[in-house]
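Residues per chain are reported as follows:
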Amino acid sequence: MKIVYPIVYALWYVLSLLPLRVLYVLSDGLFFLIYYVVRYRRPIVRKNLAASFPEKSEQELLAVERGFFHFFCDYLVESVKFMTMKEDELRRRMVFKGMEAVDEAINDGQSCAVYLGHYCNWEWVTTLPLWVTPKAQCGQIYHPIENAEFDQLFLSLRQRFGSVCIAMNDTLRELVGYRQKGQPVVIGFIADQVPHWRNIHHWCNFLNHDTPVLTGTERIARKLKQAAFYLELRRVKRGYYEAEFRLITRDVPAMAEYELTTRYFELLEETIRRAPEYWLWSHNRWKRTREEFNEKFEVVGGKVIPKAIELRV
């Protein structure tokens, strides 16, 4: 209903006017509710952590689990606050480093594909236009939210500072359009989601799992000859982050097939192992297995096709 969006927006806006210190008090209360009362996705989080860190004791895993839920609640209130935060405050709270390599590529007329994961506050990464040379158009690939009201809300938040949101299914067409216009772009790809069965072309050893991974970012960067970066996020303290650009290569076509994708997951794992509580452990990341894939699908001419006429997902 069209009336829902203004109501949701108004409530979000009013909450966003509260100081962060007050919102963090709400976050602490939300943690108690989500973790102890609702027990939101605790079995999935516990299973993911135990399988990813078999070397950790039960006490260590429990500390990471609680740390994750504490951070997740902070992420929620920080996303609310994002609606009305001013540029100067965001510049203090989300600091980007390694911009020289990005600007160098842009000045050479080369676009940049930026890999990142669901780690730390990925919503605040959309403030990147405050740091990148104005010669570039910043943007991010996103998966539209099923709820139309929330999709519209998050689009307005993510595009506050001039960044553009490109729906996943429109990625190649939109980026080719920018290239034809001679417009360099810096595009963020959150590439740690679970691929659909028919989009599985490569597997990586990631966090002690045989993991199916998305390869679309690599294919696009290779086709459009973009420079490839990894954006390493760190939480300095509550409400403060650093995002450092690490150049992987400016010549993706010279790399072997899937080498770039594999390197991204190696870098992401290094980041997660340093501070695992800031990754999105509530995501059912390993619900697809190679055994099930081999049982149901085959690869013919580079395309994944079902072995049976009817496929139940």
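Higher on the page you've got the structure.
These remarks concern the structure in this document. The structure presented is a predicted model; accordingly, all values stated were derived computationally and were not measured. (Residues numbered from 1 in each chain as written. Predicted model: local features only at pLDDT ≥ 70, side-chain atom pairs only at ≥ 80, totals over all residues. Heavy atoms only, no water.)

## Remarks on the overall build of the protein
Line of reasoning, step 1. Within the protein, the regular secondary structure consists of 11 helices and 11 strands.
Line of reasoning, step 2. Its C-alpha atoms give the protein a radius of gyration of 20 Å, near enough to 20 Å, the size a compact globule of 313 residues would have.
Line of reasoning, step 3. Counting only C-alpha atoms and orienting by the principal axes, one finds that the protein spans roughly 55 × 50 × 45 Å.
Line of reasoning, step 4. Out of the 313 residues belonging to the protein, those deemed buried represent 50%.
Line of reasoning, step 5. Taking the contacts inside the protein whose residues are at least 6 apart along the sequence as the reference set, 77% of them involve residues at least 24 apart.
Line of reasoning, step 6. Total accessible area on the protein is roughly 15700 Å²; 54% of this is exposed by carbon and sulfur atoms.
Line of reasoning, step 7. Both charge centroids of the protein, one from 43 positive and one from 38 negative side chains, sit 3 Å from each other. (Helix = DSSP H or I, 4+ residues; strand = E, 2+ residues; numbered from the N terminus. Rg over C-alpha atoms; globule rule 2.2 N^0.38 Å. Buried < 20%, exposed > 50% of the residue type's maximum accessible area, 1.4 Å probe, protein only. Contact = heavy atoms within 4.5 Å. Areas by Shrake-Rupley, 256 points an atom, 1.4 Å probe, with all protein chains shown as cover. Lys, Arg positive; Asp, Glu negative; His and termini not counted. Charge placed at Lys NZ, Arg CZ, Asp CG, Glu CD.)

## Concerning the layout of surface pockets
Line of reasoning, step 1. Taken as a whole, the second largest pocket spans an internal volume of roughly 160 Å³.
Line of reasoning, step 2. Every residue lining the second largest pocket is counted, 13 residues in all, and those nearest its centre are Gly109, Gln110, Ser111, Arg179 and Leu224.
Line of reasoning, step 3. Take the lining of the second largest pocket: its biggest share by element is three residues, from helix H8 (residues 171-180).
Line of reasoning, step 4. Taken together, the residues of the lining of the second largest pocket sort by class into five nonpolar, six polar and two charged. (1 Å grid on protein atoms, 1.4 Å probe; cavity = no way out; pocket = protein on both sides within 12 Å on 5 of 7 lines; lining within 4 Å. Points joined across faces, edges and corners; volume = space filled by probe spheres on them. Nonpolar A, V, L, I, M, F, W, Y, C, P; charged D, E, K, R; others polar.)

## Focus on helix H3 (residues 42-52)
Line of reasoning, step 1. Every buried residue of H3 is listed here: Arg42, Val45, Asn48, Leu49 and Ser52. End-on, the buried residues of H3 take up no more than an arc of 135 degrees, which puts them together on one face. Of the exposed residues in H3, those oriented more than 90 degrees away from the buried face are Pro43 and Lys47.
Line of reasoning, step 2. If you follow the buried residues of H3, they end up packed against helix H2 (20-38), helix H4 (58-81), strand S7 (209-213) and helix H10 (259-274). (Arc of directions from axis to C-beta.)

## Some details on empty space enclosed by the protein
Line of reasoning, step 1. Under the criterion given, the structure shown has one cavity of 30 Å³ or more.
Line of reasoning, step 2. Of the voids in this model, the largest cavity is the one considered here, and its volume is about 40 Å³.
Line of reasoning, step 3. Around the largest cavity sit Leu116, Gly117, Tyr119, Tyr230, Leu231, Leu233, Leu268 and Thr271, which together line it.
Line of reasoning, step 4. For the lining of the largest cavity, the secondary structure elements donating two or more residues are strand S8 (227-237) and H10.
Line of reasoning, step 5. Sort the elements by how many residues they give to the lining of the largest cavity and S8 lands first, with three residues.
Line of reasoning, step 6. Of the residues in the lining of the largest cavity, the class split is six nonpolar, two polar and no charged.

## Let's talk about the packing of H8 against helix H9 (residues 216-224)
Line of reasoning, step 1. For the pair H8 and H9, the least separation of the axes is 11 Å and the interaxial angle reads 25 degrees. As the angle between them shows, H8 and H9 are arranged roughly parallel. The chirality of how H8 crosses H9 is right-handed. Within the contact between the two elements, H8 uses Thr171, Leu172, Leu175, Val176 and Arg179 and H9 uses Ile220, Lys223 and Leu224.
Line of reasoning, step 2. For the contact of H8 with H9, the class distribution of residues is five nonpolar, one polar and two charged. (Axes fitted to C-alpha atoms, helices over the stretch in contact; angles between N-to-C directions. Parallel < 35°, antiparallel > 145°, perpendicular 65-115°, else oblique. Left-handed = near helix turned anticlockwise from the far one by under 90°.)

## Looking at unusual backbone geometry
Line of reasoning, step 1. Not every positive phi belongs to a glycine, and Leu207 is a case in point at roughly 55 degrees.
Line of reasoning, step 2. In this structure, Leu207 sits in the loop between strand S6 (202-206) and S7.
Line of reasoning, step 3. The phi torsion at Lys225 lies on the positive side, around 55 degrees, for a residue other than glycine.
Line of reasoning, step 4. Look at Lys225 and you get exposed, because its relative accessible area is 54%.

## Looking at the pairing of S8
Line of reasoning, step 1. Counting buried residues in S8 gives eight out of 11 residues, a clear majority hidden from the surface.
Line of reasoning, step 2. Across four bridges, the pairing between strand S2 (residues 112-116) and S8 is parallel. Among the inter-strand pairings, Cys112 is bridged to a residue of S8, identified as Ala227.
Line of reasoning, step 3. Bridge count between S8 and strand S9 (residues 240-249): nine bridges; the pairing is antiparallel. Across the sheet, residue Leu231 finds its bridge partner in S9, namely Phe245.
Line of reasoning, step 4. Following S8, the chain reverses through two residues before pairing antiparallel with S9; Gly239 in that reversal takes a positive phi of roughly 85 degrees. (Pairing = 2+ DSSP bridges.)

## As for the pairing of S7
Line of reasoning, step 1. The buried count for S7 comes to four of five residues, which makes it a mostly enclosed element.
Line of reasoning, step 2. In this sheet, S7 lies alongside S6 in antiparallel orientation, the contact comprising five bridges. Its bridge partner lying in S7, Phe206 is registered against His209.

## Considering the sheet that holds S2
Line of reasoning, step 1. With mixed pairing, the seven strands of this open sheet are ordered in space as S1-S9-S8-S2-S5-S3-S4. The open sheet terminates on both sides in strands that have one partner only, identified here as strand S1 (94-97) and strand S4 (164-167). Averaged over all adjacent pairs, the angle separating strand axes in this sheet is 30 degrees, with direction ignored.
Line of reasoning, step 2. Relative to strand S5 (residues 185-190), S2 runs parallel, the two sharing five bridges.

These values are about where atoms sit, not about what they do.
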